[in-house]
Amino acid sequence: MKKCFRVVGLGAFLWAFNGEAETVFVSLEKDNAIAVVDPVAGKLLKTVAVGRRPRGIALSTDAKFLYVAVSDDNIIKKFNADTLTELADLPSGNDPETFALSPVDKRMYVSNEDDSQISVIDVDKKTVLTRIPVGVEPEGIAVSPDNQWVVSASETTNMVHWIETKNYTRVANTLVDPRPRALTFTADSKQVWVTSEMAGKLMVLDAKTKQIIKELVFEVEGVTAEKIQPVGLLVDKHMQRAYVALGPANRIAVINVANLTVEKMLLVGARVWNIAFSADQKYLYSANGLSNDMSIIDLEQLKVIRSIGVGTNPWGLAVKP
Amino acid sequence: MTFTKQSKYLWLTVFIGLSLFFVNQVEAKSTVKPASLLTVNIAILAQLDKPAINLSIIDPVVLDKGELGAELAIQENNITGEFIGQSFTLKKFIVPANAHAETVFNEHIVGKFNYLVTLLSPEKTLAIADLARQQALLILDAATVDDSLRNTDCRESVLHLLPSRAMRADALGQYSIKKRWHRWFLVVGAEPADQLFAEALKRTAKRFNIKIVAEKQWSHTFDARKTAQAEIDVFTQIEDDYDVMVVADEQNLFGEYLDYQTWSPRPIIGTQGLSAVAWHPTHDLWGATQIQKRFKTQAGRWMNEQDYAAYLAIRALGEAVTRTHSSAWQALKNFMLSDRFVLQGYKGSALSFRAWDGQLRQPILLAAPRSLVAVAPIEGFLHPKTELDTLGYDAPESLCKRKE
């Protein structure tokens, strides 16, 4: 562990951030707050109280509003993304952990972990349109860029559930490896990438057949298989590289999309959880749950260039251009 | 007992027969099922203990054993099953303390079920395992912690869900090494089980080069509840200094009284104080909060170790059926003992069974009454295959001679 910080420390010495000015919001599960970070200055600007146990965090497509799932208060809060003043509460159902926003219509899909349901919310009207039963402990959730599908991963049932957005019905279920945590669509909406925390695996699902078409088991030298627990993941917009946070293995795997191989392992902080791209996708930010910091990765050099202390148990990130 | 709307809905899919306790109204409602429905029938055999006397008024007296954990798991199996055409039933056989579990087994279980979750004493578990020899029956033991049942008395058809005493003692040993508690003062209760835990602790001490500077037996010659203050001072005054007092009191008959009353101010670990357990109400890591809440909503109390073990037993079967698309007991058993089997158990590592003795590989929680202190294996205790096997009897040490 000590070694890990030394490496990151060295990176900080060579610190150079050439990206656009932007703001990174980090939800802090145990501080009941969000951290506001300026990645250009490499500094934590402030911490803003938001409610009990904030986890899922995302911006509206126009970046005007910030939504935070405040799990223990059983609501999702809407903030003005510039001033961070609270605007409204959304009725999210019990224990909202994660949610996904539709890219076109004003719909929000919320995982209600305790109720084995997905709530569909009309963001403007602040009403629940419907609830869709899924497997036990739904967590990861994503909407396809073409707005046709919502996919939900249930951690205990070990399935990806496919929900059609046109009528909010679950039409298919794909059995995946144990404890699927996070999932994401590729930019062309043709694939869903899913991580299995317990099997240490990445699975690629075909959106047409709903079948697993490719798999990748992660291995890290000097780290036992049990510590390799993939969670947050992203595929870049050109579908060239994907990035997978490996949880307590303290690394982010850089994956070549074309041949599904690991190009590089980047040592970040302890129990790296969720990740987010900078608006220009030149940088990657990671929330490191147990070392209470956020790493900045330069994606051209594939190097960790900075780590910034943000608060207790950073969970998720949202980037405002 | 109150149920949320959702859990009521879940109950519809669950068949519960012969439930003498916590009988709930299960409405009959036909749901559309896929054509090729695979049904797995599981029996649970529990024998009630004679009610123990609780030292503290805040501890609830829990009479049921792990049945409520099994019920939660059956519901979860059925939610998954509904998506892929598999269904699970649970039939409960609950035997009074003075009755013969063997009779119930012979009359109602053997030949009728392939899967049995037992919540029995070590003696009864062994007796049932012997009756099940040559039978198509997989036994999932959700109650015993005995090392003998995992070594010389091991049986091929038995899987053990709870960590053995040796695993618990090793967890305490690893943490002691981390904290540099190299000198133990061992205090052992009068029950036979306490002797067994003391033996496990001595094995650990030897493994980790911990010195047991003194060992004393608590004799119960007086009512500890009344005269503890004076007696414990005298009892714990020993010549040598020690780092930590290690208690073996599995029935919780006196151990709670030691803390703050010892002659020297030293922490208490073992069965009281900092204890090594499979599950604990303070555990909230790795998504444990979710199952803690689910269980509490349904059962009206915290989940205990046996609930957790019975939950895992049935989830393990569910996972095996889901992955193999089979309900054939030999296929499931082989799969469960293979390295392809992984079970999620809210403890940060994938759980699996040790092929050499049927013991579930799992992290062990080191918990104080109000906080989770550490989780073993402790970082730095290495193993060529899996660090989980630094706890308890590893393959080369095992005295279990299973055929496979």
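Please read all numbers here as calculations on a predicted model, not as lab measurements.

**Student:** Provide a residue-level description of the sheet that holds strand β13 (residues 149-154) of chain A, including the pertinent values.
**Tutor:** All names here are of chain A. Strand order in the open sheet formed by four strands is β12-β13-β14-β15, with antiparallel pairing between adjacent strands. Of all the strands in the sheet, the pair left with one neighbour each is β12 (138-143) and β15 (169-175). The mean inter-strand angle of the sheet, taken between neighbouring strand axes irrespective of direction, is 20 degrees. Pairing of β13 with strand β14 (residues 159-164) involves six bridges; the strand directions are antiparallel. Across the sheet, the residue bridging to A153 is V160, located in β14.

**Student:** Give me the lowdown on the packing of helix α9 (residues 305-324) of chain B against helix α10 (residues 329-336) of chain B, citing residues and values where you can.
**Tutor:** Residue and element names in this part refer to chain B. Running from N to C, α9 and α10 point in directions that differ by 105 degrees, and their axes come no closer than 10 Å. The angle between α9 and α10 places the two elements in the roughly perpendicular class. Between α9, through A316, L317, A320, V321, R323 and T324, and α10, the contact on the second element is made entirely by L332, F335 and M336. In terms of residue class, the contact of α9 with α10 is built from seven nonpolar, one polar and one charged.

**Student:** Before we move on, can you summarise helix α4 (residues 122-131) of chain B with the specific residues and values?
**Tutor:** Of the residues making up α4 of chain B, those classed as buried are K124, T125, L126, I128 and A129 of chain B. At its buried positions, α4 of chain B is contacted by β2 (38-47), α3 (101-109), β4 (115-119), β5 (138-141) and β6 (158-160) of chain B.

**Student:** Describe in detail the sheet that holds strand β18 (residues 201-206) of chain A, supporting the description with residues and values.
**Tutor:** Residue and element names in this part refer to chain A. An order of β16-β17-β18-β19 is seen for the four strands of this open sheet, with the pairing classed as antiparallel. Lying at the two open borders of the sheet, with one neighbouring strand each, are β16 (180-185) and β19 (212-217). On average, adjacent strands in this sheet sit at an angle of 20 degrees to one another, irrespective of strand direction. The sheet contact formed by β16 and strand β17 (residues 191-196) spans four bridges and is antiparallel. Looking across to β17, one finds that L183 is bridged to V194.

**Student:** Explain the interface of chain A and chain B residue by residue, including any values.
**Tutor:** Contacts between the two partners involve 32 residues from chain A, matched on the other side by 29 residues from chain B. Carbon and sulfur atoms make up 50% of the surface buried where chain A meets chain B, a total of about 2600 Å² over both sides. Counting the surface chain A buries against chain B, the share from its top three residues, L175, M198 and E226 of chain A, is 21%. At the junction of chain A with chain B, the criterion picks out five salt bridges. Across the salt bridge formed by R294 of chain B and E137 of chain A, the nearest N and O atoms sit 2.6 Å from each other.

**Student:** Provide a residue-level description of the packing of helix α2 (residues 67-84) of chain B against helix α8 (residues 288-299) of chain B, including the pertinent values.
**Tutor:** A packed helix pair is summarised by two numbers, namely the angle formed by the two axes and the spacing between the axes. All names here are of chain B. One can describe the packing of α2 onto α8 by two numbers: an axis separation of 10 Å at closest approach and a directional angle of 110 degrees. Put simply, α2 runs roughly perpendicular to α8. In the packing of α2 onto α8, the handedness of the crossing is right-handed. Together, L68, G69, E71, L72, Q75 and E76 of α2 and I291, R294, F295, Q298 and A299 of α8 make up the contact between the two elements. Of the residues that constitute the contact of α2 with α8, the class distribution is five nonpolar, three polar and three charged.

**Student:** How would you summarise the nonpolar core if you had to cite specific residues and measurements?
**Tutor:** Residues and elements named next belong to chain B. I42, V117, M336 and F353 are the most contacted members of the largest nonpolar core, which has 52 residues in total. Where this core is concerned, the elements lending two or more residues are β2, α2, β3 (86-95), β4, β5, α8, α9 and α10. By residue number, the principal contributor to this core is α9, which donates eleven residues. In this structure F353 touches L159, H160, L161, A316, M336, L337, F341, G358, Q359, L360 and R361, once residues within four positions along its chain are discounted. The next biggest cluster of nonpolar side chains, apart from the first, holds 29 residues, and it includes V188, L201, I364 and A374.

Parameters at a glance
- Numbers given to residues run from 1 along each chain, matching the order in which its sequence is written.
- Both sets of labels track the order of writing: A upward for chains, 1 upward for ligands.
- In view of the model being predicted, local features appear only for residues whose pLDDT reaches at least 70, and side-chain atom pairs are presented and counted only at 80 or more, with totals across whole chains, interfaces and linings using the full set of residues.
- Note that water and hydrogens are dropped before the side-chain values are worked out from all heavy atoms of the structure.
- Only strands joined by at least two bridges in the DSSP assignment are considered to pair.
- We count a stretch as a helix when DSSP gives it H or I for four or more residues in a row; a strand needs E for two or more, and each element gets its number in order from the N terminus.
- Lines fitted to the C-alpha atoms define the axes, with helices restricted to the stretch that makes contact. Angles between their N-to-C directions range from 0 to 180 degrees.
- If an angle is under 35 degrees, it is roughly parallel; if it is over 145, roughly antiparallel; if it lies from 65 to 115, roughly perpendicular; otherwise it is oblique.
- In what follows, residue pairs with any heavy atoms lying within 4.5 Å of each other are defined as contacts.
- Charged residues are taken to be Asp, Glu, Lys and Arg, nonpolar residues to be Ala, Val, Leu, Ile, Met, Phe, Trp, Tyr, Cys and Pro, and polar residues to be all remaining types, Gly included.
- Relative accessible area decides the class of each residue, using a 1.4 Å probe on protein chains only: under 20% of the type maximum gives buried, over 50% gives exposed, and in between gives partly exposed.
- A 1.4 Å probe defines the accessible area here, and the buried area is the portion of it lost by two parts on being joined, summed over both.
- In what follows, salt bridge is the name for a side-chain nitrogen of Lys or Arg lying within 4 Å of a carboxyl oxygen of Asp or Glu.
- Should the near helix be turned counterclockwise from the far one by less than a right angle, the crossing is left-handed, whereas a clockwise turn marks it as right-handed.
- We call a set of buried Ala, Val, Leu, Ile, Met, Phe, Trp, Tyr and Cys residues a nonpolar core when their side-chain atoms join them within 4.5 Å.

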